[in-house]
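Descriptive analysis of the structure
Next come the chains, spelled out residue by residue.
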Amino acid sequence: MLPAEIKETLLQRIAHAIHPREQAIDVMTIMQSHYGYMSDEAMEEAGGLLDMTPLELEELATFYNFIYRRPVGRYVLHICDSTVCWMNGHESLLQHLCTLLQVEMGGTSPDGLFTLLPVCCLGYCDHSPAMIINQVIYGDLTREKIDSVIHKLREQAHAS
Amino acid sequence: MPKLTIDDLEIEVPPGTKVIDAAEQLGIMIPRFCYLKELGPAGACRMCAVKFLQGPFKGVQMSCMVDAQDGMVVSTNDPEAVAFRKQVIEWLMLNHPHDCPVCDEGGQCLLQDETVSGGHGLRRYLGRKRTYRDQYLGPFIAHEMNRCIHCYRCSRFYQEYAGYRDLGPLQIADRVYFGRFKDGPLESPFSGNLVDICPTGVYTDKTARFRVRHWDLERAPSLCIHCSLGCHTVANARYREVVRIEGRSSGKVNAGFLCDRGRFGFGYAAHPERPRNAKIAAQNVPMSAAVREAGRRLLEIRESSGAEAIAVLGSGRSCLETLGMVQHLSRVGKWTAPDFFENPQMERKVKAIVSQLDARLAVSLRDVEKADCILAIGVDPVNEAPMLALAMRQAFRKDAKVVVVDPRPIFLPMRFEHLAVSSARIETLLQVLLQVLRQTDLAAPPAPLPQPIQLSEGLLSEVAFDSSVQAQFHALVETLVGSRNPVILCGSGVVGESVSSLAADCAEVLQNAKGKGGIFYVLPSANAFGAALLASSPEHSFLDTVEGIENGTIQALVVVESDPLRHFPDGPRLQAALTKLQFLLVLDYLPSETVRRADIFLPTCTLFEVGGSFINQQGRLQAAEKVHAVGTPIHQATDEAMRSARGEEGGGKHPPRMYDLGIPGGEPKAAWEVLDALMEALVPVAEGTWREDPWEVLKQEIPLLASWNGRGYPADGLHVVPEKRPGAAVALPLETEAHTSPSEASLQLLLVDWTFGTEELSQYAAVMRQVEGEPFLCMHPQDAERCGLAHGDALEVRLEEGSIRASLKVRENMACGVMVLPRHGRIQWQELRNLSGRVPFECIQKISTDTQVIEDLR
Amino acid sequence: MSRYPQVLFQNRKLKRINTLEEYCQSGGYQALADVLREYTPQGVCAAVQEAGLRGRGGAGFPAAKKWESVPADGAFPRFLVANSDEMEPGTFKDRVLIHAEPHTIIEGIAIAAYTIQASKAFIFVRPNYEGSAAILEREIKRAEEAGYLGRRILGSDFSLEIIVHLSGGRYICGEGTALLNALMGKRPNPIKPPPYPTVKGLWDRPTVVNNIETLANVPHIIRNGPDWFKGLSLVEKSPGTKLFCVSGKVKSPGCFELPMGTPLREIIEEHAGGLLEGSEFKACLPGGASTRFLIPEQLDVRMDFDSMGEIGHRMGTGAIIVFDQKTCLVGATLNLIQFFARESCGWCTPCREGLPYLRDLLWRIENGEGKEEYIPTIRSMCKDMWNSFCALAPGAASPVESLLTYFEDEVHEHIVQRKCPFQ
Ligand SMILES: Cc1cc2nc3c(=O)[nH]c(=O)nc-3n(C[C@H](O)[C@H](O)[C@H](O)COP(=O)(O)O)c2cc1C
Ligand code: SF4
Ligand code: FES
């Protein structure tokens, strides 16, 4: 169940929309940031708010990139695999990340902290190679930079 | 009208015609997958590419997306277009599993046809094929997503056309998946159409799975007789058994679609217990012997008690030929006038509708799709005549307003306004409506509509309607006044007897003013119209017959394809009466209770075996053709034979190992033929007034058909309703008291139909057990509260000596003061002996709260 | 600093965005005030028409012409959508623009909305620009507080609400009609006109979709006049400046505001600092991933819609991706096709099935399993992509087709050597 204040925000957004459906992505995104991912139950809950059937919502959830329908780690790393990043060494960086986190593409690290997913061009080609972790962009990536980012995130996780 | 040239042939088509349809009119079938006329263009598959040589478009374009325009020159076989289409086929086949040998679609697969005709034969693609996980979609439909070519027909039909919301496209790119959120039965009662429209084998008929190959089927145009609409079908049979029903497009009835009751409800025809032998005192005898004996017994009774001591009961599920012969036999034999309705109240209503229906007012099912305003009175389309709901939805999609006046908790796959008022109040509302319509200048409606509203306010305040109903009523008046093509739908089940004519009068006033619109009645059975046409005496009903039996004036009862023990509202009374009968002769093809009670039983054929004509609720005379030979289905016969030969269970089904001169179980004849034979046994040939051809008889019995040659009427059927204006308006005084007594400690009992589980024929189809759910009844929250009941309670309703058990559904969207009870096949609602129609509160008892309500699939 | 006049970037700062006050000091919102006071909607349209502003979203469609196609008797409410989906590889100008000068976008939206009499505008932003969306939301609020948005703007009869919509993230959502579906909470499949969105768009109401760069130009046109705008360009038919993004093997990748018609060579060699040390120019995609590879011989072409068209290329969004001689173009094309195949909306066959097919063939060639017979197959399939439902698939075919046109030898080399010669 959603905390009352989140539910209230969602209901307000929906009430403000021309048609509830319009808020489908927003509702799922907000609920996802609360739950971590959109479980079946969360989908049904969201459908209830939006006057949509779970199927109608699923049509959208599975279309898009940033709605997770399966459990993900605390940090979701989307690493850009489009042209410019590819040209600037995405493959070896990806390799590095996989070894570092002990995951394969699409997997979650054994400590449950990191999920690694591909993403297409992030719009940071001027800072390629790039990745995005929980909405924060990391550009001009090198192995060293990746090491330090992961290190920092690990510490952050252990601290909390 | 645009004139264009396609492959050197000229054609003129109405504006808005797509090039693909213009070509089809020329006999040029442009390949296609996503396009279906009923669904409109999608432009998804790109298979219908043709080359435009002249006109406003140039080059390769999709013929389904382009409206025909003057001066267009189109080539469907230009090499560029042909090459592109070949490429499209290759693309579509990249991931196809090539499992045609185990695919039920094989042989009638659009993908197969177009792969071959498109010239794609060699596989070049070396990549891995994509694979999907299939879903469980319920007992009707099998799912095989690997075969999908992503034409989007299924989701467009399911969501846009039919209005259900639990199947659709998921995922993106080449992973697009058509399915549900989770495994589970499809919620739409129109799901079977997926089988017909899927151009490959993603959705196949689960009930027919692995049973036939298409090329082995016997196919014939047939009709659906599971409700009064008379939708057109194609029946498919194999080994003397129907295995599958498909939709068939008709100009005026259904657009090629069917509901699931009509599609999957045919199991009665090959029911394992279907009585196929004539019987005397429950012993099998040859048909001829049974007919002779039946004749002898009837003659005996005539001798002893006079001809009027013999009564006949037919029903609206028989074809017109049979009904005509019943009528004829009874008239020639000078028996008591025949009845064609087991339920006397229903009989009066249907006769009233049929006798007053005016050809100029009666609109067809397809006309309903064109309405811009639909007022449904006392009709529950999804449950009573499902395809009507689909037609209404098409009107709704073109912005029609839909208003339903009905006491029941109505569900429709569209937005609509529901005036949930009791049956009695429907009459009052209609009277007010009629007066308002009469006093308003409908041809030039006043813009803000003050007069009609004031008028209705005045009238309504006299009869104490609550304000929300009044507001809804005003909105309805406004909609009707402003409409261009208003259609009134009127049921015959839960409404009082004057409603049909009030509705017709409203429709007439509207049609006179608007030049369009009309009325659409829903009747209780496939041939109720024909039955009412034939019913000679408007006053006589089966109740009179029952009384006759009780007081001894009726000694023999001939029941023709009817099951009074199922339909007569007072079960115990009829049971008792039957014991007083001297002779009960039953003709039927169903293993019914009445059949079991017969002194002599004569088996008859289903419409699949002999065909037959039916008149639908609009007065449209339509024919079903014979599909397969009469006889026990081979697998049943061989099973039986093998088992008895080996004295064990089991036995092979294929190849059939039966060696006999006759067809096993082949004795049944069309009911009218049996009656004919019976007549022969009764009336010496010399006196013969009977004729062999049932149509000769029908022409005598139904004056409307006198000038008709009886064969070869148009595909759409023949409209046999005369033109006559409905009777003068029933100027009843506005009822003010009778139904304004909420304090009364009883509920009005409404016995109603449900999509699955109440209709007679489909009840015998085994697959229906899986979808019909548990018996339930519905009450308004206020009533439930007054009785101290809650949603989900298991109830017992005990009246006189009978009782039924069902769980309670509490529904906001229904009238107060009524109890809605679907005539579920597994409850003996006849035991309630409910002719008065009221259930006192104290007769409703809670028996436990722990039974779970199985929510209906919505 | 650029030697060309800066319009959209005139207040661009290194580390922070330009504030509302700073924008106003530089003349911001004056155009809106003038418009509301002095212009009829037709007047605005005429000025923009006169200036010859063409869409910056890729197709170069005249903005005024699109606005005019909203029927005079079209229903209300009407909508304006500012497209900042920007998911095409190589493109990031919208992001830079939002971070430099959000208010010129907001003012542009307000003026365009007034022109078509829209009462609600949406800015459609890709999900990983959440930061940019937050900036927009914050600045919209400030503009509202300052009276430039909201009810009865600056005392006029015109009211406007701007809503920032964060997408769920898919390239196809940038396509104008798919975007409308996305906004309405439907699956973002494109819709084939007619009816055009300007007649029947969002919730069946007239709707105009413009790129945010297009809209950002509008206040400046009003402020300085059509002639000034035309004077900004080096060519006649594409007036104004353009935001060019340069990425890939150049020394200083980035986004530059340059006159329309600036020669491609100048953009790469001068503004983007030339190629990296040790790199030689081999090819570039001049206008984002959906344009054709352009070769050294064509480097002197001017970057504007028509000059590019004349040599059989598209300027697209002006996002230039530079490849050097050490980069395998078969690999690059494979990567591009991988992108398009993954982002196909799955509606029509050529794109949904054809792109994975192309990907498979290119993958085989790149990985030493190629055969000569694949080449004609690829060629003909590229041609067939033009018969798809929307412009995604033809765009996707562009790099592949041009690879075979300009670099067929490199493809052959892969097939002959049975491996990628660059590895
Ligand atoms: C696949 C595809 C993706 C597109 N993505 C974008 C985009 O991200 N941003 C954009 O402004 N236009 C995009 N467009 C172009 C839009 O369809 C549309 O032409 C544009 O937004 C109109 O704005 P303009 O007239 O101001 O250029 C895309 C087109 C296609 C076919
Ligand atoms: S080309 Fe077809 S499948 Fe591809 S994005 Fe456009 S509509 Fe969707
Ligand atoms: S039938 Fe025309 S595109 Fe599918």
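Since this is a predicted model, take the numbers as computed values, not measurements.

Digging into the overall build of chain B
A tally of regular secondary structure across chain B gives 26 helices and 33 strands. Buried residues in chain B amount to 63% of all 858 residues. Residue pairs in contact within chain B that sit at least 24 positions apart in sequence constitute 73% of those at least 6 positions apart. In the structure as shown, chain B presents an accessible area of about 31,500 Å², 50% of it carried by carbon and sulfur atoms.

Remarks on the site of ligand 1
Residue and element names in this part refer to chain C. Every one of the 18 residues lining ligand 1 counts as a neighbour, but Gly 57, Lys 66, Glu 86, Asn 211 and Thr 214 are closest to it. Between ligand 1 and Asn 211, the relevant distance is 2.6 Å, taken from an oxygen atom to a side-chain nitrogen or oxygen of the residue. In isolation ligand 1 offers 610 Å² of accessible surface; the protein chains occlude 87% of this area. The element best represented in the shell around ligand 1 is strand S4 (residues 207–211), accounting for 3 residues. In terms of residue class, the shell around ligand 1 is built from 5 nonpolar, 8 polar and 5 charged.

Description of the side chain of Asn 189 of chain C
Here Asn 189 of chain C is to be found in the loop between helix H8 (176–183) and S4. In contact with Asn 189 of chain C, not counting residues within four places along its chain, are Thr 177, Ala 178, Asn 181, Cys 345 and Trp 347 of chain C.

What to know about the domain arrangement of chain C
Residues and elements named next belong to chain C. By domain assignment, chain C separates into domain 1 (20–231), domain 2 (241–324) and domain 3 (329–417). With 18 residues of domain 1 in contact, the opposing surface of domain 2 contributes 20 residues. Buried area between domain 1 and domain 2, summed over both chains or domains, comes out near 1,400 Å², and the portion from carbon and sulfur atoms is 60%. At the junction of domain 1 with domain 2, the criterion picks out 2 salt bridges. Summed over the shared surface of domain 1 and domain 2, the number is 7 residue pairs in polar contact (both at pLDDT 80 or more). Of all elements in the fold, only helix H5 (93–100) and helix H9 (212–224) reach the threshold of two or more residues within the side of domain 1 that touches domain 2. Considering each element in turn, the side of domain 1 that touches domain 2 owes the most residues, 3 residues, to H5.

Thoughts on the packing of aromatic side chains
How two aromatic rings sit relative to each other is given by the distance of their centres and the angle of their planes. Residue and element names in this part refer to chain C. On inspection of all chains with the given rule, the structure shows 34 aromatic pairs over all chains. Ring centres 6.4 Å apart and planes at 40° place the aromatic pair Phe 122 and Trp 203 in the tilted group. Of the two residues, Phe 122 sits in strand S2 (residues 118–125) while Trp 203 sits in the loop between H8 and S4, which places them 81 residues apart along the sequence. Like Phe 122, the residue Trp 203 is buried in the burial classification.

Notes on the interface of chain B and chain A
Each partner contributes residues to the interface: chain B has 13 residues there, and chain A has 14 residues. Of the roughly 1,100 Å² buried where chain B meets chain A, counting both sides, 57% is carbon and sulfur surface. Summed over the three residues of chain B that lose the most area to chain A, namely Arg 165, Leu 170 and Phe 181 of chain B, the buried surface amounts to 59% of that side. Linking chain B with chain A are 3 salt bridges. Here Lys 182 of chain B and Glu 44 of chain A are joined by a salt bridge, their closest N and O atoms 3.7 Å apart.

As for the site of ligand 2
Close to ligand 2 lie 13 residues, the nearest being Cys 345, Trp 347, Cys 348, Cys 351 and Cys 390 of chain C. Its residues assigned to classes, the shell around ligand 2 comprises 10 nonpolar, 3 polar and no charged.

Quick look at the domain arrangement of chain B
What the domain assignment reports for chain B is domain 1 (3–93), domain 2 (130–270), domain 3 (279–341 + 546–705), domain 4 (349–523) and domain 5 (746–857). Just the C-alpha atoms count here: the centres of domain 1 of chain B and domain 3 of chain B sit 54 Å apart.

Digging into the interface of chain C and chain A
Listed by partner, the interface residues are 50 residues for chain C and 34 residues for chain A. Buried surface at the junction of chain C and chain A, both sides included, amounts to about 3,500 Å², of which 57% is carbon and sulfur. Among the residues chain C hides against chain A, the three largest losses belong to Asn 128, Arg 187 and Asn 335 of chain C. Together they make up 16% of the total. For the pair chain C and chain A, the interface holds 2 salt bridges. A salt bridge links Asp 126 of chain A to Arg 95 of chain C; the nearest nitrogen and oxygen atoms lie 3.1 Å apart. There are 16 residue pairs in polar contact (both at pLDDT 80 or more) connecting chain C and chain A. Contributions of two or more residues to the side of chain C that touches chain A are made by S2, strand S3 (161–166), H8, strand S5 (241–248), strand S8 (319–324) and helix H13 (329–343) of chain C.

Focus on the nonpolar core
Judged by nonpolar contacts, the single largest core of 414 residues is most densely connected at Leu 388 of chain B together with Trp 67 of chain C. Apart from residues lying up to four places away in sequence, Leu 388 of chain B is in contact with Leu 229, Leu 365, Val 368, Val 379, Pro 381, Leu 489, Phe 520 and Val 522 of chain B.

Points about the environment of Tyr 764 of chain B
Residue and element names in this part refer to chain B. By the element assignment, Tyr 764 lies in the loop between strand S27 (746–752) and strand S28 (776–779). C-alpha separation for the pair Tyr 764 and Phe 266, spaced 498 residues apart in sequence, amounts to 8.2 Å. Not counting the four nearest positions on each side in its chain, Tyr 764 is found in contact with Gly 267, Tyr 268, His 271, Asp 563, Leu 590, Pro 591 and Ser 592.

Observations regarding empty space enclosed by the protein
Residues and elements named next belong to chain B. Throughout the structure, instances matching the rule amount to 11 cavities of 30 Å³ or more. Within this model, the largest cavity holds a volume of roughly 100 Å³. The wall of the largest cavity is formed by 17 residues, among which Cys 319, Glu 561, Cys 605, Thr 606 and Leu 607 lie closest to the centre. Looking at the lining of the largest cavity residue by residue, the classes come out as 11 nonpolar, 4 polar and 2 charged. As a volume, the second largest cavity reaches approximately 80 Å³.

Re the state of the cysteines
All names here are of chain B. In the structure shown here, the tally under the stated rule is 0 disulfides over all chains. Sulfur of Cys 231: no disulfide; nearest cysteine sulfur belongs to Cys 224 and is 6.0 Å away. Cys 231 gets classed as buried once you look at its relative accessible area, which sits at 5%.

Side note on the sheet that holds strand S11 (residues 232–237) of chain B
Residues and elements named next belong to chain B. Judged by pairing direction, the sheet is antiparallel, and its 3 strands sit side by side in the order S10-S11-S12 without closing on themselves. The open sheet terminates on both sides in strands that have one partner only, identified here as strand S10 (218–223) and strand S12 (242–247). Going from strand to strand, the sheet's axes swing by 30° on average, the running direction of each strand aside. In this structure, S11 lies alongside S12, joined through 5 bridges in antiparallel fashion. Bridge assignment links Asn 236 to a residue of S12, and that residue is Arg 244.

Quick notes on the rules
- Residues numbered from 1 in each chain as written.
- Chains lettered and ligands numbered in written order.
- Predicted model: local features only at pLDDT ≥ 70, side-chain atom pairs only at ≥ 80, totals over all residues.
- Heavy atoms only, no water.
- Helix = DSSP H or I, 4+ residues; strand = E, 2+ residues; numbered from the N terminus.
- Buried < 20%, exposed > 50% of the residue type's maximum accessible area, 1.4 Å probe, protein only.
- Contact = heavy atoms within 4.5 Å.
- Areas by Shrake-Rupley, 256 points an atom, 1.4 Å probe, with all protein chains shown as cover.
- Near = heavy atom within 4 Å.
- Polar contact = N/O pair within 3.5 Å; in protein donor to acceptor, adjacent residues only side chain to side chain.
- Nonpolar A, V, L, I, M, F, W, Y, C, P; charged D, E, K, R; others polar.
- Domains from an automatic or database assignment.
- Buried area = accessible area lost by both parts, 1.4 Å probe.
- Salt bridge = Lys/Arg side-chain N within 4 Å of Asp/Glu carboxyl O.
- Phe/Tyr/Trp six-rings, centres within 6.5 Å; stacked < 30°, edge-to-face > 60°.
- Core = buried A, V, L, I, M, F, W, Y, C linked by side-chain atoms within 4.5 Å.
- 1 Å grid on protein atoms, 1.4 Å probe; cavity = no way out; pocket = protein on both sides within 12 Å on 5 of 7 lines; lining within 4 Å.
- Points joined across faces, edges and corners; volume = space filled by probe spheres on them.
- Disulfide = S-S within 2.5 Å.
- Pairing = 2+ DSSP bridges.
- Axes fitted to C-alpha atoms, helices over the stretch in contact; angles between N-to-C directions.

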